[in-house]
Amino acid sequence: MSIQQIVNISKNMEIKLLQKSILLNLKVNLTTKAKTHYETLGISPNATYNEIKTAYYELTLKYHPDRNKSESAKHIFHEISNAYDVLSKYETRKHYDRTIVVKTKHTTSSKADKIKTVYPTSGMEKIYNFDEWVQTHYTDAFKQSRTRKEQVREQQKLSQKLRKEIQIEEMIVAIGLGIAVILHIYHTIKRSMNKEINSK
């Protein structure tokens, strides 16, 4: 075997080792890819609060440590609980969605080339304006709440108006009674004075 053949064999071995290393790194990256909370619960980023709650309850029934004794179930249950804790509250979900959008747009550089962050872009732009998203999903609730508030205000105005009218009526009755008492006293005094005059 010549030196050239040995060099070629060693180059081929290096190339194969490099390919195996790249494939292994790719597999590790795919399996350890960080999931979003939406992926953890198996829902879309546009899911309503009821859909989030339903997905959470279904997954907890499946992976709760009291029901599922496997080691992976504990880890999955912990992830499910964390995801629900963030997505079930308005403020934390709003903050989380905005950070996902920022991470999606932001790229990180590696030695080879720039690789996008692990968060998916599909659907995220739609909920960037979280306030708008909530309003579209809860428009009816907002309208009902506004209508109830307006009805309460109207009832308060009516009750205040009725109270004032009752107070005015009570004052008129009191004045009328006062006049009636004064007139009665006047007539009583006048009769008694007439009797005295007649008796003399």
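For the structure, see preceding data.
Residues numbered from 1 in each chain as written. Predicted model: local features only at pLDDT ≥ 70, side-chain atom pairs only at ≥ 80, totals over all residues. Heavy atoms only, no water.

### Quick look at the packing of helix 3 (residues 49-63) against helix 4 (residues 71-87)
Two elements in contact, helix 3 and helix 4, have axes whose closest approach is 10 Å; the angle formed by their N-to-C orientations is 165 degrees. Viewed along their axes, helix 3 and helix 4 adopt a mutual orientation that is roughly antiparallel. The element helix 3 and its partner helix 4 pack so that their crossing is left-handed. Contacts from Tyr 49, Ile 52, Lys 53, Tyr 56, Leu 59, Thr 60 and Tyr 63 of helix 3 reach helix 4 at Ala 73, Ile 76, Phe 77, Ile 80, Ser 81, Tyr 84 and Leu 87. When the residues that make up the contact of helix 3 with helix 4 are grouped by side-chain class, the tally is eleven nonpolar, two polar and one charged. (Axes fitted to C-alpha atoms, helices over the stretch in contact; angles between N-to-C directions. Helix = DSSP H or I, 4+ residues; strand = E, 2+ residues; numbered from the N terminus. Parallel < 35°, antiparallel > 145°, perpendicular 65-115°, else oblique. Left-handed = near helix turned anticlockwise from the far one by under 90°. Contact = heavy atoms within 4.5 Å. Nonpolar A, V, L, I, M, F, W, Y, C, P; charged D, E, K, R; others polar.)

### Details of the nonpolar core
Membership of the largest hydrophobic core comes to 18 residues, with the highest contact counts inside it found for Tyr 38, Leu 41, Ile 43, Ile 52, Tyr 63, Ile 80 and Leu 87. Elements that contribute at least two residues to this core include exactly helix 2 (37-41), helix 3, helix 4 and helix 5 (90-105). (Core = buried A, V, L, I, M, F, W, Y, C linked by side-chain atoms within 4.5 Å. Buried < 20%, exposed > 50% of the residue type's maximum accessible area, 1.4 Å probe, protein only.)

### Description of the pattern of salt bridges
What the rule picks out here adds up to two salt bridges. Notably, a salt bridge pairs Asp 85 with Lys 89, separated by 2.6 Å at the nearest N-O pair. In this structure, Arg 93 and Asp 97 form a salt bridge, with 3.8 Å as the shortest nitrogen-oxygen distance. In this pair, Arg 93 and Asp 97 both sit in helix 5, four residues apart, roughly one turn of the helix. Accessibility classification places Arg 93 together with Asp 97 in one group, the buried group. (Salt bridge = Lys/Arg side-chain N within 4 Å of Asp/Glu carboxyl O.)

### Here's the deal with the packing of aromatic side chains
Working definition: an aromatic ring pair is given by the centre-to-centre distance plus the angle between the planes. Taken as a whole and judged by the stated rule, the model has three aromatic pairs. Ring centres of Tyr 56 and Tyr 57 lie 5.5 Å apart, and the angle between their planes is 55 degrees; on these two criteria the pair is classed as tilted. Note on Tyr 56: relative accessible area 15%, which makes it buried. Under the relative-accessibility criterion, Tyr 57 is labelled partly exposed at 45%. Here the aromatic rings of Tyr 56 and Tyr 84 are separated by 3.9 Å at their centres, their planes lie at 10 degrees, and the arrangement is stacked. Pair noted here: Tyr 56 is in helix 3 and Tyr 84 is in helix 4, with a separation of 28 residues, a long-range link. Look at Tyr 84 and you get buried, because its relative accessible area is 18%. Feature note: the residues Tyr 56, Tyr 57 and Tyr 84 constitute an aromatic cluster, connected by ring pairs. Its end group placed over the ring of Tyr 49, Arg 93 keeps NZ or CZ at 5.4 Å from the ring centre. (Phe/Tyr/Trp six-rings, centres within 6.5 Å; stacked < 30°, edge-to-face > 60°. Lys NZ or Arg CZ within 6 Å of the ring centre and 35° of its normal.)

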